[in-house]
Amino acid sequence: MTSPSAPGSAEDLLAFDREHLWHPYTSMTDPAPVRAVVGASGARLWLSETGAPADAVNVVDGMSSWWSAIHGYRHPRLDQAVKDQVDRFSHVMFGGLTHSPAVTLGRALVELTPEGLDKVFLADSGSVAVEVALKMVLQYQRGAGQPERRRFLTVRGGYHGDTFHPMSVTDPDGGMHSMWRGLLPEHVFAPRPPRLAQRTGSEATDVDDASAGEIDTWAAAFRATAEGHAHELAGIIVEPLLQGAGGMWPYPPACLQVMREVADDLGLLLVFDEIATGFGRTGHLFVSEIVTPDVLCLGKALTGGYMTLAAVVTTDRVARGISASESGVLMHGPTFMGNPLACAVALESLRVLTRSDWTSTVARIGTRLQTGLAPLRDLPGVKDVRTIGAVGIVQLEQRVDVPAATDAAIAAGAWLRPFNDLIYTMPPYVCTDNEVDTIVAAIHAATRASVEATS
Ligand SMILES: *Cc1c(COP(=O)(O)O)cnc(C)c1O
């Protein structure tokens, strides 16, 4: 064979995929079915069950390709930014070299993130960003002459990525801790914060309010856990305001203040993993605007979903502390650090976002999701319905029957990817009201289908 062969037919495409390609969290020997994307534009995907474009159905993407495609697909300005950079150069090493896409993006991140966060490390994925953030904290503590501070405090229900150190601070139950016992570093887990109060417009009820009492109880437990390990803790890492893949769990901003105070009282650095929450999704450009962390991780929507890129932003104090550690440098440097294509499209995505009225957009989508999903609370088999920013979540009593739910959602016109007991959406910001309503209808259909299949 002189050159790689293209699939001969549409069926070949899916057949080869089934035999040879792993998908996220799937079995190679007993793979779950996949659909082929044969086109994408705006908030919409063309999905084909056979692989043939002629068989494709047009659906609204309710997932923004895992929080990332906030401006939708084939955005003219993002497309152009990539093309323009391809015509200059696609990649160069970042060791000993620099370039305008990285510098301009760095400047934008320094300007957009809260004051004080102004030292930027460009990483190549979210998990790597978390690795780098944890390494920064450890090196900082070494620089401060406290190498015995090597553990992290986090809360239950979190998710920070799939590589080993991020896995170790991910929820120990939902995550993979038991499988890796002895291999994963063992960190310290405090209880999960209480659920954020849900006020459904005028019919606000007290029923699901996280009361001040609940927050106080949690705060006391969080502080006690921290104090019990104070001598060995280096930092705190959490997803602020909304836990994502660990259970789609919004919690009160008051908890962030507690984390900040505990960190300051005990000499810990506070890391906010905003890989999912960043870029307006919760209604704040960054949750870090409410409470400023010492280290901020960004990813997912950073490039508008065009390619993989992440960033870790920290303070001058942390940077100095790292330099004071024995190596004198931050010990990290991936091959594709600061990839020019990714930086160029990230910069354009930030421009599109910040020059748009994204706060109204997120509020508009959020309100529609909240009103549209609220009636599901009364459906038997539904445990909870919650929303925050432009995120809508339905939690079932049982694990979702994913194939049944997916088929029903697609028949209703939207792509959803449920997990565990959750059917949820975070739509692209370019969704029209009609498209949001289609997603809501698809969540209703998926919920009914799953409840029916599992009861
Ligand atoms: C997705 C995610 C990660 C991991 O990012 P990858 O790019 O998938 O490695 C880390 N933290 C949070 C909060 C995430 O949502």
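Residues numbered from 1 in each chain as written. Predicted model: local features only at pLDDT ≥ 70, side-chain atom pairs only at ≥ 80, totals over all residues. Heavy atoms only, no water.

A. Structural detail: the domain arrangement of the protein chain. For the protein chain, the assigned domains are domain 1 (10-68 + 357-453) and domain 2 (78-355). A separation of 26 Å is found between the C-alpha centroids of domain 1 and domain 2. Domain 1 puts 28 residues into the contact, and the matching count from domain 2 is 32 residues. Summed over both partners, the interface of domain 1 with domain 2 buries about 2,300 Å², with 59% contributed by carbon and sulfur atoms. When the buried surface of domain 1 facing domain 2 is broken down by residue, W67, W358 and I388 rank first, second and third, together holding 32% of it. Summed over the shared surface of domain 1 and domain 2, the number is one salt bridge. Among the ionic pairs, D384 bridges to R195, the shortest N-O distance being 2.8 Å. Connecting domain 1 to domain 2 are 12 residue pairs in polar contact (both at pLDDT 80 or more). Those elements giving two or more residues to the side of domain 1 that touches domain 2 turn out to be α2 (64-67), α11 (358-373), β13 (382-388), β14 (391-396) and β16 (422-425). No other element matches the five residues that β13 contributes to the side of domain 1 that touches domain 2. (Domains from an automatic or database assignment. Contact = heavy atoms within 4.5 Å. Buried area = accessible area lost by both parts, 1.4 Å probe. Salt bridge = Lys/Arg side-chain N within 4 Å of Asp/Glu carboxyl O. Polar contact = N/O pair within 3.5 Å; in protein donor to acceptor, adjacent residues only side chain to side chain. Helix = DSSP H or I, 4+ residues; strand = E, 2+ residues; numbered from the N terminus.)

B. Main features of the UniProt feature "modified residue: N6-(pyridoxal phosphate)lysine" (unreviewed entry) in the protein chain. Within this numbering scheme, the UniProt entry marks K300 as carrying the feature "modified residue: N6-(pyridoxal phosphate)lysine" (unreviewed entry). Secondary-structure assignment places K300 in the loop between β11 (295-298) and β12 (310-314). In this view, K300 contacts W66, W67, S68, I275, A276, G305 and L309; residues no more than four positions away in its chain are not counted. (UniProt positions renumbered as here; feature names shortened; annotations may be inferred.)

C. Seen up close, the packing of aromatic side chains. On inspection of all chains with the given rule, the structure shows four aromatic pairs. Judged by centre distance (5.1 Å) and plane angle (75°), the ring pair of F164 and W180 falls under edge-to-face. Taken together, the residues span a long stretch of sequence, with F164 in helix α6 (residues 164-168) and W180 in the loop between α6 and β6 (188-190) at a distance of 16 residues. A cation over an aromatic ring shows up here: R192 above the ring of W249, its NZ or CZ 3.9 Å from the ring centre. (Phe/Tyr/Trp six-rings, centres within 6.5 Å; stacked < 30°, edge-to-face > 60°. Lys NZ or Arg CZ within 6 Å of the ring centre and 35° of its normal.)

D. Main features of the sheet that holds β16. The strand order across the open sheet formed by three strands is β13-β14-β16, and the pairing between neighbours is antiparallel. Each end of this open sheet is capped by a strand with a single partner; those strands are β13 and β16. On average, each strand axis in the sheet is tilted by 10° relative to the strand beside it, whichever way the strands run. Note that β14 and β16 share four bridges and pair antiparallel. In the strand pairing of β16, I393 is matched with Y424. Strand contacts of α11: β13, β14 and β16, with the helix running at about 25° to β14, the strand carrying the most contacts. (Pairing = 2+ DSSP bridges. Axes fitted to C-alpha atoms, helices over the stretch in contact; angles between N-to-C directions.)

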